[in-house]
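Analysis of the macromolecular model
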Amino acid sequence: MTSLTMPRAINYDQRPMLVFWEVTRACQLACRHCRACATPDALPGELSHEEGLALIEQVAGFGRPYPILVLTGGDCLLRADVFELVDHATGLGIPVAMSPSVTPMLTQSAIDTMVERGVKAVSLSLDGATAATHDGVRGIPGHFAQTLPAMRALVAAGLKLQINTTVMAANVHELAAIAQILADVGVHIWEVFFLVHVGRGEATGAIPTGQHDEVCHFLYDASHYGFTVRTVEAPFFRRVVLSRRAGEQPSGDLYEQLADDLVTRLGPPRTRSGVHIASTRDGKGIVFVAHNGEVYPAGFLPLGLGSIRDTALADIYRDDPVLRRIRAADFSGRCGMCEYADLCGGSRARAYAATGDPLAQDGACGYVPA
């Protein structure tokens, strides 16, 4: 989640824009597509309070502009010292965002504490426009009815709210209806995840490759209704944005259905497009620290790079040879030949899941390089 304002000229070879820290694997939910395969209780080996404070100081060690520290999980609210960690980070000047689950832990008191402690942004998940779809994905009956009030409470508290939606066969036809909910609630950012088969996501139905560009064209349309749109593990969205700005006219049955549904629900476009197309990707501008201190290029790319218990996070990020090749767009296949290799670069997580090679081509992109 990149909800906060960062300077435009960041040298991603030297520092990431985002450091995700999985503060715990514990979570009360059992979502069908969970990257982490979260468990009801914390796993052995979780970073201690003192190690957590040291990790935050390592984030500061990247120097200014400090990366945004995203406290995620599992459910970050199940970590007892989470707000002490927030205090330490904000005291050092590090911007902090949180990604809690919608459970009984997300109370009004917890929301008020986020505001008081200086949390800048919060992300929640909404994976359907109906209770049947969302609850089916989340694995908790009644969860949709709990999520909507939580969204409204966070917006009312003045927190910047990001909604995460994972696109899958079960919900793709509800995307326009989800956009309507976001516009009605006043959500600031819609971050749309394109499924990667890791964790519990291996058992969930991804949409066909041929539909990816159609969904991206729809998301460009949706970005005209007052919220910023970003994608995760679908960097080819940036190519689609550039093509639309150049006048390309989208087509396809799915796109036409979603686009018509969007206009029916929300009317003609309301604002200029709000899209995020910075040339970040797994390992370039993004780094992920697991609950036990192991470092990965991103949460969906389970390629261990070393532990912050042994090596400083900045040294891992800057010096790891795989990350250096990712940042250099040193890819094979169509991604390596593509004129959008730096802006897009394909999903490194999807390439790794499909081939075992994080530098291989992204099979979800059907674009043929010029």
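None of these values were measured; they are calculated from a predicted model.

As for the packing of helix H7 (residues 209-222) against helix H9 (residues 253-266)
Each pair of packed helices can be described by the angle between their axes along with the distance between the axes. Their axes nearest at 8 Å, the elements H7 and H9 cross at an angle of 20°. What the angle tells us is that H7 and H9 run roughly parallel. Crossing handedness for the pair H7 and H9: right-handed. Of the residues in H9, those touching H7 at Gln 211, Glu 214, Val 215, His 217, Phe 218, Asp 221 and Ala 222 are Asp 253, Leu 254, Tyr 255, Leu 258, Ala 259 and Leu 262. When the residues that make up the contact of H7 with H9 are grouped by side-chain class, the tally is eight nonpolar, two polar and three charged.

Description of the nonpolar core
In this structure, Trp 21, Met 114, Leu 124, Met 151, Trp 190, Phe 218 and Leu 313 are the most contacted members of the largest nonpolar core, which totals 111 residues. If one sorts the elements of this core by residue count, helix H6 (residues 175-185) sits on top with nine residues. Once you skip the residues sitting within four places of it in the chain, Leu 313 turns out to touch Val 19, Leu 55, Gln 58, Val 59, Phe 62, Val 287, Val 289, Val 295 and Ile 308. Counting residues in each nonpolar core, the second largest holds seven residues, with Phe 193, Val 196, Leu 301 and Leu 303 among its members.

Some words on the pattern of salt bridges
In total, this model carries 15 salt bridges according to the counting rule given. One salt bridge in this structure joins Arg 325 and Asp 330, with 2.9 Å as the shortest N-O distance. Judged by its relative accessible area of 35%, Asp 330 is partly exposed. Three or more residues joined by partner-sharing salt bridges are found here, namely Glu 46, Arg 79 and Asp 81.

Digging into the pairing of strand E6 (residues 189-194)
Every other side chain in a regular strand lies on the same face of the sheet, so the side chains alternate between the two faces. With six of six residues buried, E6 is to be regarded as a mostly interior element. Both faces of E6 are covered, namely the face carrying Ile 189, Glu 191 and Phe 193 and the face carrying Trp 190, Val 192 and Phe 194. Alignment of strand E5 (residues 160-167) against E6, held across six bridges, turns out to be parallel. Each residue of the ladder has a partner; that of Gln 162, found in E6, is Ile 189. Once you follow E5 into H6 and on to E6, the crossover reads as right-handed. Relative to strand E7 (residues 228-232), E6 runs parallel, the two being bridged by five bridges. For Val 192, the partnering residue across the bridge sits in E7 and is Thr 231.

Observations concerning the side chain of Arg 79
Tracing the backbone through its elements, the reader meets Arg 79 in the loop between strand E2 (68-72) and helix H2 (82-91). Within the structure, Arg 79 has its side chain in polar contact with the backbone oxygen of Ser 48 (distance 3.3 Å). Once residues lying within four places of it in the same chain are set aside, the contact partners of Arg 79 are Trp 21, Val 23, Thr 24, Glu 46, Leu 47, Ser 48, His 49 and Leu 85.

Observations concerning H2
Every buried residue belonging to H2 is among Val 82, Phe 83, Leu 85, Val 86 and Ala 89, and all of these are buried. Taken around the axis of H2, the buried residues stretch over an arc of 150°, which confines them to a single face. Taken from the residues just after H2, Gly 93 is the one with a positive phi, measuring 90°.

A closer look at the environment of Leu 175
The topology assignment puts Leu 175 in helix H6. The buried category is assigned to Leu 175, whose relative accessible area is 0%. Separated by 146 residues in sequence, Leu 175 and Pro 321 place their C-alpha atoms 39 Å apart. Setting aside residues no more than four positions away along its own chain, Leu 175 makes contact with Thr 165, Val 167, Trp 190, Val 215, Phe 218 and Leu 258.

With respect to the confidence of the model for the protein chain
Per-residue pLDDT for the protein chain averages 93, and the proportion of residues at 70 or more is 92%. Contacts from residues 2-7, a stretch scored under 50 in pLDDT, to residues over four places away or in other chains number 21 contacts. Contacts of residues 199-203 to residues separated by more than four positions or lying in other chains number 16 contacts, the stretch itself having pLDDT below 50.

Observations concerning empty space enclosed by the protein
What the rule picks out here adds up to two cavities of 30 Å³ or more. In terms of lining residues, the second largest cavity is bounded by 14 residues, among which Cys 335, Cys 338, Cys 344, Cys 365 and Tyr 367 are the most central. Broken down by secondary-structure element, the contributors of at least two residues to the lining of the second largest cavity are helix H8 (236-245) and helix H12 (333-337). Of the residues belonging to the lining of the second largest cavity, the class tally is nine nonpolar, two polar and three charged.

Quick notes on the layout of surface pockets
Over the atoms a probe the size of a water molecule is rolled, and this reveals where empty space is left. Computed from the structure, the second largest pocket encloses a volume of approximately 250 Å³. Around the second largest pocket, the lining is made up of 18 residues, and of these Leu 195, His 197, Arg 350, Gly 363 and Ala 364 lie nearest the centre. Residue assignment for the lining of the second largest pocket shows that the elements contributing at least two residues are H7 and helix H13 (348-355). Ranked by the residues each element gives to the lining of the second largest pocket, the list is headed by H13, at five residues. Here the lining of the second largest pocket is built from residues that sort into eleven nonpolar, six polar and one charged.

Calculation rules
Note that residues are indexed from 1 along each chain, following the sequence as it is written. It should be noted that, the model being predicted, local features are given only for residues of pLDDT at least 70 and side-chain atom pairs only at 80 or more, the latter also being counted only at that level, while totals for whole chains, interfaces and linings use all residues. Only hydrogens and water are set aside when side-chain values are computed; all heavy atoms of the structure are taken into account. Convention adopted: a line fitted to C-alpha atoms gives each axis, helices being fitted over their contacting stretch, and angles between N-to-C directions are expressed from 0 to 180 degrees. By the criteria applied, helices consist of DSSP H or I runs no shorter than four residues and strands consist of E runs no shorter than two, each listed in order from the N terminus. In what follows, roughly perpendicular refers to angles from 65 to 115 degrees, roughly parallel to angles under 35, roughly antiparallel to angles over 145, and oblique to any angle outside these ranges. With the far helix as reference, a near helix turned anticlockwise by less than a right angle produces a left-handed crossing, and one turned clockwise produces a right-handed crossing. Should any heavy atoms of two residues lie within 4.5 Å, those residues are considered in contact. Any residue outside Ala, Val, Leu, Ile, Met, Phe, Trp, Tyr, Cys, Pro, Asp, Glu, Lys and Arg is labelled polar, Gly included; the first ten of those are nonpolar and the last four are charged. Nine residue types can take part in a nonpolar core, namely buried Ala, Val, Leu, Ile, Met, Phe, Trp, Tyr and Cys, and a core is a set of them joined through side-chain atoms within 4.5 Å. For every residue, the accessible area (1.4 Å probe, protein chains only) is compared with the maximum for its type, and the residue is labelled buried under 20%, exposed over 50%, or partly exposed between those bounds. Salt bridge, as used here, is a side-chain nitrogen of Lys or Arg placed within 4 Å of a carboxyl oxygen of Asp or Glu. Pairing between strands is defined by DSSP: at least two bridges between them are needed. Note on handedness: a crossover is taken as right-handed if, strands pointing away from the viewer, the path from the first strand over the helix to the second is clockwise. Two N or O atoms count as a polar contact when they lie within 3.5 Å, although within protein this holds only if one can serve as hydrogen donor and the other as acceptor, and sequence-adjacent residues are included solely when both atoms are side-chain atoms. What the arc describes is the spread of directions from the helix axis to the C-beta atoms. The predictor rates its confidence in each residue with pLDDT, a number between 0 and 100. Think of a 1 Å grid over the protein atoms and nothing else: a 1.4 Å probe that fits but is trapped marks a cavity, an open set flanked by protein within 12 Å on at least five of seven lines marks a pocket, and residues with an atom within 4 Å of a point count as lining. Grid points are joined across faces, edges and corners, and a volume is the space filled by probe spheres set on the points.

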